[in-house]
There are 2 protein chains.
Amino acid sequence: MNTEQHSDATRQKILNVAADEIHLHGFQACSTSEIIKKAGISKGALYHHFTNKLELGYAVFDEVFAPKLIGLWKPVLEGNNPIQDMSQLFQEILSWTDCKMLTKGCPLNNLAQEMSPIDEGFRLRIGKIFDAWELSLTKALIRGQAAGTVKQEVNPKRAALFIMASIEGAQGLAKNSQDTKVFSEGIYGLIDYLKMLEAT
Amino acid sequence: MNTEQHSDATRQKILNVAADEIHLHGFQACSTSEIIKKAGISKGALYHHFTNKLELGYAVFDEVFAPKLIGLWKPVLEGNNPIQDMSQLFQEILSWTDCKMLTKGCPLNNLAQEMSPIDEGFRLRIGKIFDAWELSLTKALIRGQAAGTVKQEVNPKRAALFIMASIEGAQGLAKNSQDTKVFSEGIYGLIDYLKMLEAT
DNA sequence: GTTGAAACCGACTCATCGGTCTGCTACGTT
DNA sequence: AACGTAGCAGACCGATGAGTCGGTTTCAAC
């Protein structure tokens, strides 16, 4: 491994460990010392790759959290049958036994709740992802209406926001109860709702 | 004002200021020094009334946050027409212009997201309230079915959880966007959903 | 008036935080 | 082989956190 590859590996290791720590403790409560310890690197290494904790947080968001969410939703947001695609996505998520997402909360939503009121950089980043998610979902529902899979009387924008809210909310409730059943029950409720939107 | 009354007043002042600070910054990020400054009291006074920060947090939850939520939902949880009662409650909440609840998030949910993974005391307290909320809402929906205002095919428990999730989720999204319209649009989505549950 | 305890004050401690700085090491370049 | 720099190590720094503790005030009881 040459120097550049090694440097990249160190950076990636920091990002991954930081992502875990932020997901677990939140951004403010996670400590750089803990990240250093768990990554097996030094303070010098961390501050060589990132100018400060905030920039590290932004990098974790941009390079770890955001791509993960976008990758997960890609099929739904690009297809013409959003209801079926979403139901399928949810089934897949529910099949992840022992997944941190189910009891540790959505990293996006965790960060949003914690940081958006106190840091504009985080707020804008999170807002950008949520807006893109909402817009894509709205468009997918409109395409579904055009394709005849979604009822015409559905308000696509409103329904998109409502769907997002119920997903994040279900994750939040599951996180508190530390019970994946709460999440799955919430998602089944969402699937019931989606069925009501389906054109007959 | 005698000694006892004055002591109670001090305690209440601490609780109210702490509730504001926790709501705004979260439990971990809010500082006792700031609470002391804003309450106009001394460190000695704070630690005379509360053994430590955690106990202060528990007291804020038990004596400020929880009663507020329960009081708000009382009509819905005790009536026989939950759908209409909820719609009315939401209309009332939406009419609160400039309310912290809309852009600062639900205090309950904020605390749940932040503290439930790392402190069992908070988790159990929050869980108790959420469980009570879910149970009461489920029972209200069942009474609604008995009274003929809610469709028979609705799964009450599942619907109750879904409603709670969408409310908390909508508040979360609104908090991030710092836009009350996001909250109201989410709530209108919920009202649309509730209409679908209504017996015709 | 004396006393005793509750209420309160605020300087202090100590741990930990994010962040800096000096210097070493190892590799790519010439 | 010599040199320069990217990558990294870790001791150190000031700020701030929660929490302590000896002292003072106030008031009710006797």
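Everything here concerns the structure above.
Cut-offs and rules
Each chain carries its own residue numbering, running from 1 in the direction its sequence is written. Here the convention is simple: chains get letters from A, ligands get numbers from 1, in the order in which they are written. Per-residue local features are limited, in this predicted model, to residues with pLDDT of at least 70; the limit for side-chain atom pairs, both in listing and counting, is 80 or more; totals at the level of whole chains, interfaces and linings are taken over all residues. The side-chain figures draw on all heavy atoms in the structure; neither hydrogens nor water molecules are used. Comment: elements are numbered from the N terminus, with helices defined as DSSP H or I runs of at least four residues and strands as E runs of at least two. Only protein chains enter the accessibility calculation, which uses a 1.4 Å probe; a residue is then buried when its area is under 20% of its type maximum, exposed when over 50%, and partly exposed in between. Contact between two residues is taken to exist if any of their heavy atoms lie within 4.5 Å; hydrogens are not considered. For accessible areas, the Shrake-Rupley method is used with a probe of radius 1.4 Å. Any residue's cover is judged against the shown protein chains and nothing else. Buried area, as used here, totals the accessible surface that two parts lose on assembly, with accessibility defined by a 1.4 Å probe and the loss added over both. The salt bridge criterion pairs a side-chain nitrogen of Lys or Arg with a carboxyl oxygen of Asp or Glu, the two atoms within 4 Å. Whenever two N or O atoms come within 3.5 Å, that pair is a polar contact, provided that in protein one can donate a hydrogen and the other can accept it, and provided that, for residues adjacent in sequence, both atoms are side-chain atoms. Residues are grouped as follows: Ala, Val, Leu, Ile, Met, Phe, Trp, Tyr, Cys and Pro are nonpolar; Asp, Glu, Lys and Arg are charged; all remaining types, including Gly, are polar. The rule for a residue being near a molecule or strand is that one of its heavy atoms must lie within 4 Å of it. Both cavities and pockets are sets of points on a 1 Å grid over the protein atoms alone; in a cavity a 1.4 Å probe fits but cannot get out, in a pocket the set is open with protein on both sides within 12 Å along at least five of seven lines, and lining residues sit with an atom within 4 Å of a point. Grid points are joined across faces, edges and corners, and a volume is the space filled by probe spheres set on the points.

## Concerning the overall build of chain A
- The helix and strand inventory of chain A stands at 10 helices and zero strands.
- In chain A, the order of α-helices and β-strands from amino to carboxyl end is α-α-α-α-α-α-α-α-α-α.
- Across its three principal directions, the C-alpha atoms of chain A cover 60 × 35 × 35 Å.
- Each of the 200 residues in chain A was classed as buried or not, and the buried ones make up 53%.
- Put simply, 70% of the contacts in chain A that link residues at least 6 apart link residues at least 24 apart.
- A total of about 9,100 Å² of accessible surface is found on chain A, and carbon and sulfur atoms cover 52% of it.

## What to know about the interface of chain A and chain B
- With 39 residues of chain A at the interface, the matching set in chain B holds 38 residues.
- Both faces combined, the contact of chain A with chain B buries some 3,500 Å², and carbon together with sulfur accounts for 64% of it.
- The partner of B:E185 in a salt bridge is A:R158, and the shortest N-O contact between them spans 3.3 Å.
- The interface formed by chain A and chain B holds 12 residue pairs in polar contact (both at pLDDT 80 or more) in total.
- Looking at the side of chain A that touches chain B, the elements that each hand over two or more residues are α1 (3–25), α7 (107–115), α8 (120–147), α9 (156–177) and α10 (180–197) of chain A.
- It is α9(A) that provides the largest number of residues to the side of chain A that touches chain B, a total of 13 residues.
- For the side of chain A that touches chain B, the residue count by class is 19 nonpolar, 15 polar and five charged.

## What to know about the protein's contact with DNA strand D
- Around DNA strand D lies a shell of 21 residues, among which A:T10, A:H49, B:T3, B:T32 and B:K53 are the nearest.
- In DNA strand D, atoms within 4 Å of the protein come 69% from sugar and phosphate.
- A:T10 is positioned with one of its side-chain polar atoms (N or O) 2.7 Å from a phosphate oxygen of DNA strand D.
- Between a phosphate oxygen of DNA strand D and a side-chain N or O atom of A:H49, the distance comes to 2.7 Å.
- For the surface near DNA strand D, the elements supplying multiple residues, two or more each, are α1 and α3 (43–49) of chain A together with α2 (32–39) and α3 (43–49) of chain B.

## Overview of the protein's contact with DNA strand C
- In the vicinity of DNA strand C, 21 residues are found, and the nearest of them are A:T32, A:K53, B:T10, B:S42 and B:H49.
- Counting only the atoms of DNA strand C within 4 Å of the protein, the fraction contributed by sugar and phosphate is 67%.
- The separation between a phosphate oxygen of DNA strand C and a polar main-chain atom of A:K53 is 2.6 Å.
- Within the side chain of B:H49, an N or O atom sits 2.7 Å from a phosphate oxygen of DNA strand C.
- For the surface near DNA strand C, the secondary structure elements donating two or more residues are α2 (32–39) and α3 of chain A together with α1 (3–25) and α3 of chain B.
- Residues belonging to the surface near DNA strand C are distributed by class as follows: four nonpolar, 14 polar and three charged.

## Some words on the pattern of salt bridges
- Tallying each qualifying case throughout the model produces 16 salt bridges over all chains.
- Among the charged side chains, a network of salt bridges with common partners joins A:E21, A:E34 and A:K38.

## Considering empty space enclosed by the protein
- Under the criterion given, the structure shown has four cavities of 30 Å³ or more.
- Quantified by volume, the largest cavity comes out at close to 130 Å³.
- Lining the largest cavity are 14 residues, and of these A:W73, A:I93, A:M101, A:I167 and A:Q171 sit closest to its centre.
- Going through the elements one at a time, α4 (53–78), α5 (82–95), α6 (100–104), α9 and α10 of chain A are the ones with two or more residues in the lining of the largest cavity.
- Looking at the lining of the largest cavity residue by residue, the class counts come to 12 nonpolar, one polar and one charged.
- The computed volume of the second largest cavity comes to approximately 110 Å³.
- Looking at the second largest cavity, it is lined by 13 residues, and the ones nearest its centre are B:W73, B:I93, B:M101, B:I167 and B:Q171.
- Within the residue set of the lining of the second largest cavity, elements represented by two or more residues are α4 (53–78), α5 (82–95), α9 (156–177) and α10 (180–197) of chain B.
- For the lining of the second largest cavity, the class distribution of residues is 11 nonpolar, one polar and one charged.

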